[in-house]
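For reference, the chains in residue letters:
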Amino acid sequence: MANSNTVAGGVAIICITLTVGVVIMSICLVAFSLKKLASDEVGIQYDTIQKELDDEVFSEGLHMGPPGYEFIIFPNVYTTLEYDRLRCLNRDGVPVWIDVSFQFKAVLNKMKTIIMDFKDFDGYKGVLRHSGASVIHEACSRFNTSQFQAERGNFQTLLSTILKERFTGLHTDVTDLQVNNIERPSEYEAAIRSKERAREDIQVARNEYPRLITEAKTTRREAESEATIILNKAESQARILQNKAKTEATAILTQYEREAEAYESIISASGLQFTPEGFISYLSTRVIGSSKNPVHIGLQSPAKTKYN
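Keep in mind it's a predicted model, so treat the numbers as computed, not measured.

Asks: Help me out: how do you make sense of helix α3 (residues 121-140) in this one?
Replies: For α3, spanning 20 residues, the distance from its first C-alpha to its last is 28 Å, which sits close to the expected 28 Å at 1.5 Å a residue. Among the residues of α3, F121, Y124, L128, S131, G132, A133, V135, I136, A139 and C140 are the ones counted as buried. The backbone nitrogen of D122 has a side-chain oxygen 3.4 Å away, supplied by the residue at the start of α3, namely D120.

In structure tokens, the structure reads:
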């Protein structure tokens, strides 16, 4: 009877142990079969034992799957992809450094295809980064150096168009593309600044041209007026001097005529003949006689008497 009780007790213990084991195993299986996705995540179940990829895309929440499975997770929101100082060559062969950013998101109904092509989100994002850089190089090669300054909006539009076309083939939506900065070579920037300064100087000169022309014309009119005044003054002084000279000449001629008449009267009264040489000698005598200062005259030596 004791042995029967012992056997029954052993069987009960074994049953209890098996039951507890089953429960624990069930709990473990349930625990390994439950995975959680956050509100900004989507995923596809991958059976790590059977190596099978499910077709259904799961969103946020707690999900059950085959034991030991895992989610291949992708963001359920737009992710920003940035390029800082990406170097490319424009149509002129001049290097340009560009800062570009845009947001992308995988097309949910193509997630299995994306995973089959790129394995996971990191591989997918790496391909997108290289593809985006290729698009930037292509768009950059269609603009010359000056167009990057004058047609920056057109460059951004073209870049957005090519990027969306390229990423459509990668089952990706693109939005909010921004060209944040376009940096050209420092030598070119210096040349552009010099050209702009020259253009500004030319514009300033053009604006100053009418004023300078007016000033020049005013200065010319002032000079012409001053020259006219000086000329009129000189002509007036010349007329005065001319009239004065004429008056003095007339007075001298009149004086000489009177002297000649007086000399002729004296000669006639003396019964002598009037000659020009005699009149000049007479005038010389009068000049010497009326002079207030000593007069020194040089005469030739008298003729020598020659004796045979």
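Read on, since the account is not over.
Asks: Help me out: how do you make sense of the nonpolar core in this one?
Replies: Here is a general trend for soluble globular proteins: nonpolar side chains tend to be buried in one another's company. Counting residues in each nonpolar core, the largest one holds 39 residues, and the members touching the most others are F74, I98, V100, F102, Y124, F155 and L159. Going through the elements one at a time, β2 (41-47), β5 (70-75), β6 (79-89), β7 (95-106), α2 (111-118), α3, α5 (152-168) and β8 (172-183) are the ones with two or more residues in this core. Ranked by the residues each element gives to this core, the list is headed by α3, at eight residues. Dropping the residues within four chain positions of it, Y124 is found in contact with F74, F104, K105, A106, I114, F118, L170, H171 and T172.

Asks: Help me out: how do you make sense of the packing of aromatic side chains in this one?
Replies: Tallied over the full model, the rule gives 13 aromatic pairs. On the numbers, 5.4 Å between centres and 80° between planes, the contact of Y69 with F71 is edge-to-face. You can call Y69 buried: its relative accessible area is 1%. The interplanar angle of 50° and the centroid separation of 6.1 Å between the aromatic rings of F121 and Y124 together place this pair among those described as tilted. Residue F121 and its partner Y124 are located together in helix α3, separated by three residues, close to a single helical turn. Each member of the pair F121 and Y124 is classed as buried. Ring pairs connect the aromatic residues F74, F104, F118, F121 and Y124, which therefore count as one cluster. Stacked on the ring of Y78, the Lys or Arg K105 has its end atom at 5.8 Å from the ring centre.

Asks: Which parts of the structure should I look at to understand the side chain of D47?
Replies: Note that D47 resides in strand β2. A distance of 3.2 Å separates a polar side-chain atom of D47 from the backbone nitrogen of Q50.

Asks: Explain the sheet that holds β8 to me, please; I cannot follow it from the model alone.
Replies: Backbone hydrogen bonds hold the strands of a sheet together, and the pairing may be parallel or antiparallel. Strand order in the open sheet formed by three strands is β6-β7-β8, with antiparallel pairing between adjacent strands. Both outer strands of the open sheet, β6 and β8, are each paired with one neighbouring strand and no more. Mean inter-strand twist for the sheet, computed between neighbouring axes without regard to direction, equals 20°. Relative to β7, β6 is paired through nine bridges, and the arrangement is antiparallel. What sits directly across from E82, in β7, is S101.

Definitions and cut-offs
Residues numbered from 1 in each chain as written. Predicted model: local features only at pLDDT ≥ 70, side-chain atom pairs only at ≥ 80, totals over all residues. Heavy atoms only, no water. Helix = DSSP H or I, 4+ residues; strand = E, 2+ residues; numbered from the N terminus. Expected span 1.5 Å × (residues − 1). Buried < 20%, exposed > 50% of the residue type's maximum accessible area, 1.4 Å probe, protein only. Polar contact = N/O pair within 3.5 Å; in protein donor to acceptor, adjacent residues only side chain to side chain. Core = buried A, V, L, I, M, F, W, Y, C linked by side-chain atoms within 4.5 Å. Contact = heavy atoms within 4.5 Å. Phe/Tyr/Trp six-rings, centres within 6.5 Å; stacked < 30°, edge-to-face > 60°. Lys NZ or Arg CZ within 6 Å of the ring centre and 35° of its normal. Pairing = 2+ DSSP bridges. Axes fitted to C-alpha atoms, helices over the stretch in contact; angles between N-to-C directions.

Note that every value here comes from positions in space, so none of it alone points to a role or purpose.
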